Amino acid sequence: FADDGSQLWLNYDLIKDAKQRESYAPFTKFIAVASDNQTLKIAAEELQTGLQGLLGKKIATVKTATASGGIILNVNKNAPSSTNISNEGYEIYTEKGNIIISSKTEAGVLYGTFELLRAIQTGRSLAKLSITSSPKVKIRMLNHWDNANGTVERGYAGSSMWKWNELPHRVDPRYVMYARANASIGINATSINNVNASSRFLTAEYLEKIKAVADVLRPYGIKVFISVNFRSPRTLGGLKTSDPLDPEVRKWWNDKTKEIHQYIPDFGGYLVKANSEGEPGPQDYGRTHADGANMLAEAMRPFSGIVIWRAFVYNADPNGDRFKEGYAQFKPLDGAFDPKVIVQVKNGPIDFMPREPFHPMFGAFPKTTLGMEFQITQEYLGQSTHLTYLAPMFKECLDTDTYAKGQGSTVAKVIDGSLYNASNSLMAGVANTGSDDNWCGHPFNQSNWYAFGRLAWDHTLSSEQIASEWIRMTLTQTKPTEQKISDMMLKSHPIYVSYTYPLGTSHMMGESHHYGPEPWLAKSARPDWTSVYYHRADSIGLGFDRTGKVSNALQLYSPEVQKKWGNPDQCPLDYLLWFHHVPWTKKLSTGRSLWDELCVRYYDGVVQVGNLQKTWESLKADIDPEIFENVKGRLKIQEKEALWWRDACVLYFGEHSKMPLPKPLTPPQ
Ligand code: GCU
């Protein structure tokens, strides 16, 4: 059978090498699980399914181990705290010839089970196994931007995976696959609807549907959140206002929150986009983000749930700098948020651009729990036709030093709560899932879901390791092929940036669809929303001066960061035009003028796509034919569109620079 990708990285294909299969035999004679707990049952079944596939043998489940050579699933609620393992963490070790997977919780055992399966899937030895692992971030969450009508905002893999018209009566079996995939990488939360939220999701009709989903996800350790529309007290409750300080409004949210808990007792909480891009919010009533968030936190007080309040806000001010707006609106509120509130900040200050500097809020809010929002769906990153592996981009942000408390104050430490001793922590990713058979559109897009989950669990993992795991679990176990694919993946983000937004340019995507180039966009419905506003090309040069003359946004960062990025002669080229308006003729560290460097990057990006194609072609014999053809076709589109980007941008910027166009302006042979 050809591989349609529907099983994601849980394919469990038979290990081809009989010797390797044999090496696992001494540890896979039985699975022992003492309790009937549903999560443990799921773990045992996953082991059975996985080992059946990987080793081709049926393995029995027993209540207690009477012999050696098996896998024992063990919940040890009173594990000594000296083991330093958090509630969801696990240990895997061998004892008396058995492999023990042990955790304080059932969910921890499930995570450990997937780790053991991953060890076998990726060809690791089980002898002398000793793994201890705890998640670094507490809430590891997918944000679905799925609508009630079945569409997905910025979704490129078909329609919504949630079948609202069928729920609660028919529960699509894909929800179980979704839950397994998430549990296998440690994702423990999901917000099921678009942040541009319809109030519908709070009606009894929808709560019943969401309950059915929550019931499927619960035994996999996944809590459900709902994105809420701030105007719901008016639209649903018939109140005259949604003012967060109005007692009737507060009562409405208290009652609604209680009602939700009747359906979903372990409800995760609310996710809120307020006063952003036309969505309603507390500012409509002269109140602050904190007033709005704290009202919802109060409603959540009797329960375990929380409130996640997004910081993606900006006024469409053509004379301002959007870079500064999240910071400007939220900074005065540091310390004003209820402890149940997490403020969710996008990785960069604009909007999921192909490459952004880290958001200046990270490190600057010692009294507020800040969560990370990454975008797994590739709105500005080639959607589902360009191969772009995102782990290096996620890590670039996480590993950057904010210097907020001296050297080593990385963004990752803000997010995992260690920098300011936050009691909660959150990493969210905007999901790339849809109704496509393979879930994510481009077969390689699955790796971004995978990478997001792995990094949310442990941000110290390397992009290389994550790629290698994913390749071995999905595409091939042949080492040279794996290495070539890994190389393609690791280069893919820089290549994409090279032919779209080189040197720190930003927001040149075609209006609203955000797919092809439109650097010339000069007018749109929103007054600031023009490419010209963002890239600032003129006869002198290119880039947005944020060092003080046009905008002083650089000052939002700590002095060390300002020093790193503030001098155009020293600023890393990848960020140069984010902070400087650089003359076309200025010589850069590469020895070339800005204009020449820009052209070199656009041209090289296209050549590199050609190299990706060549490498892929050379792997044909080793790859499942369906996946091979699928990726091959998409790489062809990518090549065509890389040329489109290159020519559109070079010709457009050339009108400003008036410098000679590279020759020839034709596709490379
Ligand atoms: C981007 C995206 C929107 C989305 C918004 C958000 O602007 O284009 O579709 O609603 O981000 O994050 O809220």
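Every chain is numbered on its own, with residues counted from 1 as its sequence reads. Predicted model: local features are reported for residues with pLDDT of at least 70 only, side-chain atom pairs are reported and counted for 80 or more only, and whole-chain, interface and lining totals are derived from all residues. Values reported for side chains reflect all heavy atoms of the structure, with hydrogen atoms and water molecules removed beforehand.

## Overview of the state of the cysteines
Okay, step 1: By disulfide we mean two sulfur atoms from cysteines, separated by a distance within 2.5 Å. The tally for this structure, following the rule as stated, stands at zero disulfides.
Okay, step 2: Sulfur of C397: no disulfide; nearest cysteine sulfur belongs to C571 and is 16 Å away.
Okay, step 3: Of all cysteine sulfurs, the one in C649 lies closest to C599, which takes part in no disulfide; the gap is 11 Å.
Okay, step 4: Relative accessible area serves as the criterion here: at 5%, C599 is assigned to the buried category. Relative accessible area decides the class of each residue, using a 1.4 Å probe on protein chains only: under 20% of the type maximum gives buried, over 50% gives exposed, and in between gives partly exposed.

## Description of the pairing of strand 14 (residues 426-430)
Okay, step 1: By definition, any uninterrupted DSSP run of H or I lasting at least four residues is a helix, any uninterrupted run of E lasting at least two residues is a strand, and each is numbered from the N terminus. By the criterion of burial, strand 14 is predominantly enclosed, with five of the five residues buried.
Okay, step 2: Going residue by residue along strand 14, you find L426, A428 and V430 tucked away on one face and M427 and G429 tucked away on the opposite face as well.
Okay, step 3: Any two strands with at least two DSSP-identified bridges between them are counted as paired. Of the strand pairs in this sheet, strand 7 (residues 139-143) and strand 14 are connected by five bridges, and their pairing is parallel. Of the residues in strand 14, the one forming a bridge with L142 is G429.
Okay, step 4: In terms of strand pairing, strand 13 (residues 370-375) meets strand 14 through four bridges, oriented parallel. The residue of strand 14 that forms the bridge with Q375 is V430.

## Observations regarding the pattern of salt bridges
Okay, step 1: Within this document, salt bridges are pairs made up of a side-chain nitrogen of Lys or Arg and a carboxyl oxygen of Asp or Glu, the two lying within 4 Å of each other. The tally for this structure, following the rule as stated, stands at 38 salt bridges.
Okay, step 2: The shortest N-O distance in the salt bridge between E469 and R454 comes to 2.9 Å. Within this pair, whereas E469 is found in helix 13 (residues 463-474), its partner R454 is found in helix 12 (residues 446-457), the two being separated by 15 residues in sequence. Residue E469 shares its accessibility class with R454, and that shared class is buried.
Okay, step 3: Notably, a salt bridge pairs R601 with D574, separated by 3.5 Å at the nearest N-O pair. Taken as a pair, R601 in helix 18 (residues 594-618) and D574 in the loop between helix 16 (559-566) and helix 17 (576-579) lie far apart in primary sequence, 27 residues in all.
Okay, step 4: Linked by salt bridges that have partners in common, R355, E396, D574, R592, E597 and R601 make up one network.

## As for the sheet that holds strand 1 (residues 30-33)
Okay, step 1: Taken in spatial order, the six strands of this open sheet run 2-1-3-5-4-6, and their pairing is mixed. The strands lining the two open edges of the sheet, one partner per strand, are strand 2 (60-62) and strand 6 (130-133). Taking the axes of each pair of neighbouring strands and ignoring which way they run, one obtains an average angle of 20 degrees across the sheet.
Okay, step 2: Taken together, the three bridges between strand 1 and strand 3 (residues 71-75) define a ladder with parallel strand orientation. Looking at strand 3, one finds that V33 is bridged to L73.
Okay, step 3: Two residues qualify as a contact provided that any one of their heavy atoms is within 4.5 Å of a heavy atom in the partner residue. Axes here mean lines fitted to C-alpha atoms, for a helix over just the part in contact, with angles spanning 0 to 180 degrees between N-to-C directions. Docked against the sheet, helix 2 (residues 38-55) engages strand 1, strand 2 and strand 3, running at close to 160 degrees with respect to strand 3.

## Side note on the environment of L651
Okay, step 1: With respect to the helices and strands, the residue L651 is situated in helix 19 (residues 625-657).
Okay, step 2: Along the chain, L651 and L661 lie 10 residues apart, while their C-alpha atoms are 7.7 Å from each other.

## Some points on the site of the ligand
Okay, step 1: Here a residue is considered near a molecule or strand provided that any single heavy atom belonging to it is located within 4 Å of it. Around the ligand lies a shell of 13 residues, among which E153, K273, R310, K346 and E379 are the nearest.
Okay, step 2: Here E153 contributes a side-chain N or O atom positioned 2.3 Å from an oxygen atom of the ligand.
Okay, step 3: Residues adjacent in sequence count toward polar contacts only when both atoms are side-chain atoms; beyond that, a polar contact is any pair of N or O atoms within 3.5 Å, and within protein one must be able to donate a hydrogen and the other to accept it. In this structure, an oxygen atom belonging to the ligand sits 2.7 Å away from a side-chain N or O atom of K346.
Okay, step 4: Values of accessible area rely on a 1.4 Å probe in the Shrake-Rupley scheme; residue burial ignores everything except the protein chains shown. The fraction of the free accessible surface of the ligand (320 Å²) that becomes covered by protein chains is 98%.
Okay, step 5: Ten residue types, Ala, Val, Leu, Ile, Met, Phe, Trp, Tyr, Cys and Pro, are classed as nonpolar, four, Asp, Glu, Lys and Arg, as charged, and the remainder, Gly among them, as polar. When the residues that make up the shell around the ligand are grouped by side-chain class, the tally is three nonpolar, two polar and eight charged.

## What about the pairing of strand 6?
Okay, step 1: The side-chain alternation of strand 6 yields one buried face, formed by I131 and S133, and one unburied face, formed by S130 and T132.
Okay, step 2: Relative to strand 6, strand 4 (residues 90-95) runs antiparallel, the two sharing four bridges. Across the sheet, Y90 pairs through a bridge with S133, a residue of strand 6.

## With respect to the nonpolar core
Okay, step 1: Core analysis: the largest hydrophobic core is formed by 216 residues, its most contacted members being W449 and F653.
Okay, step 2: With 11 residues, helix 19 is the largest single contributor of residues to this core. As used in this record, nonpolar core signifies buried Ala, Val, Leu, Ile, Met, Phe, Trp, Tyr and Cys residues forming a set joined through side-chain atoms within 4.5 Å.

## Observations regarding the environment of R200
Okay, step 1: Among the secondary structure elements, R200 is positioned in the loop between strand 8 (189-191) and helix 5 (204-217).
Okay, step 2: Note on R200: relative accessible area 46%, which makes it partly exposed.
Okay, step 3: For the pair formed by R200 and N229, sequence separation is 29 residues and the distance between their alpha carbons is 9.0 Å.
Okay, step 4: Setting aside residues no more than four positions away along its own chain, R200 makes contact with A148 and Y206.
Okay, step 5: Engagement of the side chain of R200 in a polar contact is seen with the side chain of Y206, the distance being 3.3 Å.

By themselves, these are just geometric observations and shouldn't be taken as functional.
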